[in-house]
Amino acid sequence: LYLLKHALDADPTLVEAHLRFGHVLHLINQNIEAKPHLERALHDAKEQHVNYLVYMSGLFLGDSAEHEDRLTEAIAYFREAVAVDPHAHIANVALGDALLRSGDRGGWAEARRMFDGESQDSPKSLDPWFYYRFAQYWKLAAGLREMREAARRTP
């Protein structure tokens, strides 16, 4: 939290820093503080066409809303995640579950589409969720260097 906060203080345009800061805040049950960071990450990721961050922001915002029984809001966020990666299993399962909990019995039928075209001979690529542990994996070296420099510049 400390390093992410200082990185954001130094450079509030770091989209993934907002995502990760908001996610950590959500994990420690500081959802009110987390939401603006996750929403900023979603907004900025969509503007910059970084689908991976759109996907992760949608998952985290949906998870937060679902835990507070705001199912309509959760469904909308899960749909944003599914929209950028329609065959991603985790977002589809989360969406299907939220739809079912909201009373929409079509939730699993909708989520089932994630398997279209998938077989043992033609497996899907890993869900974007599995790359989350690799900060900015698509631009790892440059991105981590920028975040570290931003954190170090802050007194």
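Coordinates for the structure precede this section.
In this convention, every chain numbers its residues from 1, walking through the sequence in written order. Only residues with pLDDT of 70 or above have their local features reported here, since the model is predicted, and side-chain atom pairs are shown and tallied only from 80 upward, although totals for entire chains, interfaces and linings are computed over all residues. Here the side-chain values reflect all heavy atoms present in the structure, with hydrogen atoms and water set aside.

1. Description of the overall build of the protein chain
Stage number 1. For the protein chain, the helix and strand inventory stands at eight helices and zero strands.
Stage number 2. Per-residue burial over the protein chain gives 44% buried out of 155 residues.
Stage number 3. The contact rule is simple, with two residues in contact once any of their heavy atoms fall within 4.5 Å. Contacts in the protein chain between residues far apart in sequence, at least 24 positions, make up 54% of those at least 6 positions apart.
Stage number 4. Accessible surface computed for the protein chain: about 8700 Å², of which carbon and sulfur atoms make up 55%. Put simply, DSSP H or I for four residues or longer makes a helix, DSSP E for two residues or longer makes a strand, and each gets a number counted from the N terminus. For every residue, the accessible area (1.4 Å probe, protein chains only) is compared with the maximum for its type, and the residue is labelled buried under 20%, exposed over 50%, or partly exposed between those bounds. Here the accessible surface of atoms and residues is derived via Shrake-Rupley with a 1.4 Å probe, and residues count as covered only by protein chains that are part of the display.

2. Side note on the environment of H23
Stage number 1. Take H23: it is sitting in helix α2 (residues 15-27).
Stage number 2. H23 sits in the buried class, given a relative accessible area of 10%.
Stage number 3. Along the chain, H23 and L38 lie 15 residues apart, while their C-alpha atoms are 7.3 Å from each other.
Stage number 4. When near neighbours in sequence (up to four residues on either side) are disregarded, H23 contacts L38, F60 and Y132.

3. Observations regarding the pattern of salt bridges
Stage number 1. Should a side-chain nitrogen of Lys or Arg be within 4 Å of a carboxyl oxygen of Asp or Glu, the pair is scored as a salt bridge. Under the criterion given, the structure shown has 10 salt bridges.
Stage number 2. When the shortest N-O distance is used, the salt bridge between E39 and K35 registers 3.7 Å. Within this pair, E39 and its partner K35 are both found in helix α3 (residues 31-48), separated by four residues, close to a single helical turn.
Stage number 3. Residue K35 is classed as partly exposed on the basis of its relative accessible area of 27%.
Stage number 4. Linked through salt bridges whose partners overlap, the residues forming this network are K35, E39, E68, R70 and E73.

4. Considering a nonpolar patch on the surface
Stage number 1. To count toward a patch, a residue needs a relative accessible area over 30% and no salt bridge; like charges are then connected within 9 Å, while nonpolar side chains (Val, Leu, Ile, Met, Phe, Trp, Tyr) are connected within 5 Å. Together, L1, L27 and I28 give the surface a local cluster of nonpolar side chains, amounting to about 290 Å² of exposed area.
Stage number 2. Here L27 lies in helix α2.

5. Focus on the packing of α2 against helix α4 (residues 51-67)
Stage number 1. Lines fitted to the C-alpha atoms define the axes, with helices restricted to the stretch that makes contact. Angles between their N-to-C directions range from 0 to 180 degrees. At their nearest, the axes of α2 and α4 sit 11 Å apart, and the two run at 20 degrees to each other. If you check the angle between α2 and α4, you find them roughly parallel. In the crossing of α2 with α4, the sense of the turn from one axis to the other is left-handed. Across from V15, E16, L19, H23 and H26 in α2, the residues of α4 making contact are L53, M56, S57, F60, D63 and S64.
Stage number 2. Each residue is assigned to one of three groups, with Ala, Val, Leu, Ile, Met, Phe, Trp, Tyr, Cys and Pro labelled nonpolar, Asp, Glu, Lys and Arg labelled charged, and all others, Gly among them, labelled polar. In terms of residue class, the contact of α2 with α4 is built from five nonpolar, four polar and two charged. Roughly parallel here means an angle under 35 degrees, roughly antiparallel means over 145, roughly perpendicular means 65 to 115, and every remaining angle is called oblique. Crossing handedness follows the turn of the near helix against the far one: under a right angle anticlockwise gives a left-handed crossing, and clockwise gives a right-handed one.

6. Observations regarding the packing of α3 against helix α5 (residues 71-84)
Stage number 1. Where α3 contacts α5, the two axes come as close as 13 Å, and the packing angle between them is 35 degrees. Crossing geometry of α3 relative to α5 is assigned as left-handed. The residues of α5 that touch α3, namely those facing K35, E39, L42 and K46, are E73, Y77 and E80.
Stage number 2. When the residues that make up the contact of α3 with α5 are grouped by side-chain class, the tally is two nonpolar, no polar and five charged.

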